[in-house]
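Single-letter residue listing:
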Amino acid sequence: MDGFNAMFEKAKERIEILSSLESTKEESIESMLDKKGYDRRDFMKWAASITAMLSLPSQFTPLFAEAAKLADRLPLIWLHMAECTGCSEAFIRSDAPTVDSLIFDHISLEYHETLMAASGWQAEENLEHAMKKYEGKYILLVEGGVPTAMNGMYLTLGAQAKTGLSLVQEAADKAAAIFSIGTCASFGGIQAAAPNPTGAKGVDKVVNKPVINVPGCPPSAANIVGTLMHFLLFGTLPALDRYSRPKWAYGNRIHDLCERRGHFDAGEFVESFGDDGAKDGWCLYKQGCKGPYTFNNCSTERFNQHVNWPIGAGHGCMGCSEPNFWDTMGPLEKPLESHLVGGLNKTVDNIGTTLLSATVLGIGAHAVASMFVKNSDEQEGE
Amino acid sequence: MANKRVVIDPITRIEGHLRIEVEVDENNVVQKAYSSSTLWRGIELILKNRDPRDAGLMAQRICGVCTYSHYKAGVESVENALGVVPPYNAQLVRSILNESLYMHDHVVHFYHLHGLDWVDVVSALSADPKKASELAFKYSDSPIATGTDELTAVQKKVAGFVEKGQLGPFANAYWGNKSYKLSPEQNLIALSHYLKALEVQRTAAQMFAIFGAKQPHGQTLVVGGVTSVRDILSPARLAEWKSKYEIVKDFIDRAYYADVVMAAEAYSTEPSVLGGLGVKNFMAADGMMLNRTENLFESGFIKDGDLSKVYDIDEMKIKEDVTHAWYEGDEPLQPYDGETLQKYTGFIDGDTVNGAAKVIDPNDKYSWVKAPRYDGQAVEVGPLSCLLVNYARGNEKVKKEVGDFLAKTGLPVGALFTTLGRTAARMLQTKLISDNAITTFNSLIENLKTDDSTYTKFEIDPTKEYMGRFIGEVPRGVLSHWVRIKNGLIDNYQAVVPTTWNAGPMDKNGQIGPYEASLVGLKLEDPKKPLEVIRVIHSFDPCMACSVHVMDIKGQELSQYKVNPLGSGAAC
């Protein structure tokens, strides 16, 4: 528990610092919650669920409750680069907390082009004002890849036609922390797929500061909001994996906690979409599922308030939270061949055809895949 | 006296990056307008040489707002090329997903993207909640989220921000502009619905996710069918869809419909929303399969506002012009022959009402969006076009819905040909879809009694060449995707999308597109606070990432496609 104790102490310190800052809201979160009919019990239940989601022990619950009350100290600037707005759409589906309470009660959303009322000069004014007023204090969230070819001119913004590249660099310089929301901002995304005609890159490739990546196409609302909550509590980057993804969300493979995992171990595979195996919820590995190579919490969090997820809906995982997945995981509906020739695929075929010691072989396949993904060391962020 | 230039960049509350510029005369009346998209991503180029089965999931990333439209178009253009017909269950589920998308997308557009152009948030703070609560019954027999207590709470919540000059996402907008026409009480009703809609849209997204895996970016369509067979065969899941559908439909009936009626009444004499229809050619495609024989919407083309004649669409008459788009080329080309070579010329230094800025040079190229033309004509697409084409075709459901709305508001048919009409048409389209989606759902239930198939097997012969296309109605209008497959891989991919039709720049003949034409003649109260412009542009529901994707930087010539007759309809 030493590690946790240290985290706990750090979190307490962080809360003290936050408490000393000036609030951006006139009314306390407690009184706002009270008016909305939430009692302390509801609030603590919410804090407990956040604690559980972050895989922390229950003694962290009161700290999350404290942090949430202080969350309105947090000015956010959200910039759109080369993207499809899917991550913003995912963000507005948040229910823990809901998007209206998030925006009106918890955070101070200073700039977000999809949601803000101001346009044109007034919008630019809001951005400049926020970057100045909260210099060194705001969180920068970036959605979309950053086009770098042609000096960044594939994306210009504002009346002065600044490039997206220069704007994201300027905003990053003055930010307290930078979150890349979605696979495009994290790793370049679809526009960076071969032949990457616009020279699109992840944000961490164009700024000189550490960036927390929250990939996914799009990431679930829980991962976006959970990452914000983590920053509020600890005031530092969370523990990150080798791709700068928070471990609490991206620490396990889809495959590890998949609801169809039993069928993989038993050698029961969907051989064709819509067959009897598909109707019985068998493993989608042979239909191209990339769950064994993909780190994310979709298996447990799912999407849209746990309603469903790709594997639940009978489609394999396409690996959307991994770097360059469009190029490395395709064809999306076929198992990978290049990565594990004679490895996992062969094992799967063995299971499918001979059914010999199916469970043992399934575990063996798992071990092979684990070796494959563990070849780079994970790192702790600070 | 020379015209003054107004630059609005970024246009916010849209998908993507859009710049609008207008030139106003000394009376602040718009003389000229320019529409420019300032981002290019190159997705069609990226699709080349990929497995055709990946087309749907990749093309889907064109847009995360109308997320499902490009997914379905990508999958169905490949099916069209390969001659694959998915089972009836799969066709119905695809239609249910499309209906679910519309019910989500249009509600979010009206309240969160367009609503603040009609609703003055600051004015709502001076409303009497009790009066507002009573007033809500004028527009709906059973209004939603408008009780006195609830309205008081909404008012208090927003007042907290305003008193300390801390408006959050509402900061620095054009509040108080004289072209805002709702009374404080009406503004409060709408503001309450703005917040309620944030909740309802989450339910609408869940409705989609039940059979679609997640929203945005569903993951359940494959070439040959759908994969969510377990959800489709589960009575619990079917019931879950129906109960969520009822919640969303209820909001559409009791809030969305009522609020548009309220806005139509309040804005019926406001000049800045009674124009806004510069291009009077309209196109619509088939959409919303209800059962084996019936689609809710039919396709067609209306020329020059003449509703007495609806033409069938001839695909060969679609051409794209790049005279003023950042691509090289002299002649308008049919999409199959699309020859595109980037030629970025940027902006020039200029004066604006807000001081020096980079501005569009109208004599040069000025947008990443091409200018599509039908038979040489600029065309508007979208919900208004869809309703007009179907009204003119004599579609009974559409005629009744439009007729009821006009009777309820006392507006003449001519009121449809306006900015206000465009916004009303989107609501009426949503109402039609939400009323009829249950027919599609019941068709599925009926068919599942005897048939549980969801997938058709197929093969791609690498020695053969295939070509095919999808044309269908999506939330922003007519969408088409075109694919050629060679050596088992995508050889070429093109998408001609609704926002391209509407947002395109001037063509070779000096003909301007719907966005630009809709602004000419508009009078601004204050050019430094161009609310009127934003309102007109938002009424089209801009989706810029969709519209900017068409480019082949090698300038390769695409070969001829075989043209299939429009309106297979089955899977639209």
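What counts, and where the lines are drawn
- Residues numbered from 1 in each chain as written.
- Chains lettered and ligands numbered in written order.
- Predicted model: local features only at pLDDT ≥ 70, side-chain atom pairs only at ≥ 80, totals over all residues.
- Heavy atoms only, no water.
- Helix = DSSP H or I, 4+ residues; strand = E, 2+ residues; numbered from the N terminus.
- Buried < 20%, exposed > 50% of the residue type's maximum accessible area, 1.4 Å probe, protein only.
- Contact = heavy atoms within 4.5 Å.
- Areas by Shrake-Rupley, 256 points an atom, 1.4 Å probe, with all protein chains shown as cover.
- UniProt positions renumbered as here; feature names shortened; annotations may be inferred.
- Disulfide = S-S within 2.5 Å.
- Domains from an automatic or database assignment.
- Buried area = accessible area lost by both parts, 1.4 Å probe.
- Salt bridge = Lys/Arg side-chain N within 4 Å of Asp/Glu carboxyl O.
- Polar contact = N/O pair within 3.5 Å; in protein donor to acceptor, adjacent residues only side chain to side chain.
- Axes fitted to C-alpha atoms, helices over the stretch in contact; angles between N-to-C directions.
- Parallel < 35°, antiparallel > 145°, perpendicular 65-115°, else oblique.
- Nonpolar A, V, L, I, M, F, W, Y, C, P; charged D, E, K, R; others polar.
- Phe/Tyr/Trp six-rings, centres within 6.5 Å; stacked < 30°, edge-to-face > 60°.
- Lys NZ or Arg CZ within 6 Å of the ring centre and 35° of its normal.
- pLDDT = per-residue confidence, 0-100.

With that settled, consider the overall build of chain A. Looking only at helices and strands, one finds 17 helices and nine strands in chain A. The burial tally for chain A puts 64% of its 382 residues in the buried class. Taking the contacts inside chain A whose residues are at least 6 apart along the sequence as the reference set, 74% of them involve residues at least 24 apart. Entry remark: accessible area of chain A is about 13700 Å², with carbon and sulfur atoms responsible for 52%.

Turning our eyes to something else, we now look at the UniProt feature "binding site: Mg(2+)" (unreviewed entry) in chain B. If you check UniProt for "binding site: Mg(2+)" (unreviewed entry), the listed places come out as E44(B) in our numbering. Classification of E44(B) as buried rests on a relative accessible area of 3%.

Joining two cysteines, a disulfide is a covalent bond between their sulfur atoms. Under the counting rule described, the total for this entry stands at zero disulfides over all chains. C84(A) carries a free sulfur, and the closest cysteine sulfur to it, the one in C217(A), is 6.1 Å from it.

Before going further, it helps to spend a moment on the domain arrangement of chain B. Residue and element names in this part refer to chain B. In terms of domain boundaries, chain B breaks down into domain 1 (1–73 + 279–397 + 472–572) and domain 2 (85–268 + 427–457). Computed from C-alpha coordinates alone, the two centres of domain 1 and domain 2 are separated by 25 Å. Counting residues at the interface gives 41 residues for domain 1, matched by 44 residues for domain 2. Interface area, domain 1 with domain 2, both sides summed: about 4000 Å², of which 60% is carbon and sulfur.

Residue and element names in this part refer to chain A. Each assigned domain of chain A is listed here: domain 1 (2–250) and domain 2 (254–381). Between domain 1 and domain 2, the contact holds 30 residues from the first and 23 residues from the second. Carbon and sulfur atoms supply 52% of the area that domain 1 and domain 2 bury against each other, a total of about 2100 Å² over both sides. Our count for the contact surface shared by domain 1 and domain 2 stands at one salt bridge. Ionic pairing is found between R245 and E322, a salt bridge with its closest N-O pair at 2.8 Å. On inspection of domain 1 and its partner domain 2, the count reaches eight residue pairs in polar contact (both at pLDDT 80 or more). Taken together, the elements giving at least two residues each to the side of domain 1 that touches domain 2 come down to α9 (182–187), α10 (221–234) and α11 (247–250). Per element, the largest residue contribution to the side of domain 1 that touches domain 2 is four residues, and it comes from α11.

It is worth spelling out the packing of helix α6 (residues 129–139) of chain B against helix α8 (residues 184–212) of chain B at this point. Residue and element names in this part refer to chain B. In contact at an axis separation of 9 Å, α6 and α8 are set at 75° when each is read in the N-to-C sense. Relative to α8, the element α6 lies roughly perpendicular. Every residue of α8 that contacts α6 at P129, K131, A132, L135, A136 and Y139 is listed here: E185, Q186, L188 and I189. A per-class count over the contact of α6 with α8 returns seven nonpolar, one polar and two charged.

Moving on, we come to the packing of aromatic side chains. Following the criterion strictly, the structure yields 31 aromatic pairs over all chains and no others. Consider the rings of F273(A) and Y455(B), whose centres lie 5.6 Å apart with planes at 75°: the pair is edge-to-face. Taken as a pair, F273(A) in the loop between α12 (261–265) and α13 (276–279) and Y455(B) in the loop between α13 (419–448) and β17 (466–474) lie in two separate chains rather than in one. The exposure class assigned to F273(A) is buried, which follows from its relative accessible area of 6%. Aromatic ring contacts, followed pair by pair, group Y154(A), W40(B), W326(B), Y327(B), Y344(B), F347(B) and W368(B) into a single cluster. Here the guanidinium or amino end of R19(B) rests over the ring plane of F347(B), the centre of that ring lying 4.1 Å away.

Residues and elements named next belong to chain A. As recorded in UniProt, the feature "binding site: [4Fe-4S] cluster 2" (unreviewed entry) lies at H255, C258, C283 and C289. Sequence-wise these annotated residues cover 35 residues; spatially they are packed, their C-alpha atoms never more than 11.2 Å apart. Among the structural elements, H255 can be located in the loop between α11 and α12. For C289, the location among the structural elements is in the loop between α13 and α14 (298–301). For C289, a relative accessible area of 9% translates into the label buried.

The sites that UniProt annotates as "binding site: Ni(2+)" (unreviewed entry) are C63(B), C66(B), C543(B) and C546(B). Spatial clustering of the annotated residues is evident: they stretch over 484 residues in sequence, but the largest pairwise C-alpha distance comes to 8.7 Å. By the secondary structure assignment, C63(B) is in the loop between α2 (55–60) and α3 (67–82). Apart from the residues within four sequence positions on either side, C63(B) is in contact with C84(A), E15(B), H70(B), H217(B), C543(B) and C546(B). Among the structural elements, C66(B) can be located in the loop between α2 and α3. Setting aside chain neighbours within four positions, we find C66(B) in contact with L101(B), D105(B), R476(B), C543(B) and C546(B).

Further remarks concern the interface of chain A and chain B. One widely used convention gives an interface's size as the accessible area the parts lose upon coming together. Contact with chain A, which involves 92 residues of that partner, is made by 93 residues of chain B. Counting each side, the surface lost to burial between chain A and chain B is near 7700 Å², with a carbon and sulfur contribution of 56%. Interface area lost by chain A to chain B is led by F104(A), W121(A) and Y154(A), which between them contribute 9%. Summed over the shared surface of chain A and chain B, the result is three salt bridges. A salt bridge links K157(B) to D100(A); the nearest nitrogen and oxygen atoms lie 3.9 Å apart. Within the residue set of the side of chain A that touches chain B, elements represented by two or more residues are α5 (86–91), α6 (99–106), β2 (108–112), α7 (120–133), β5 (156–157), α13 and α15 (325–328) of chain A. A total of eight residues in the side of chain A that touches chain B trace back to one element, the largest contributor, which is α7(A).

Let us now look at the confidence of the model for chain B. Residue and element names in this part refer to chain B. Across chain B, the average pLDDT comes to 92, with 94% of residues at or above 70. Counting interchain partners and residues more than four positions distant, the pLDDT-below-50 stretch residues 551–572 has 77 contacts. For this predicted complex, the interface confidence comes out at an ipTM of 0.93, alongside a pTM of 0.88.

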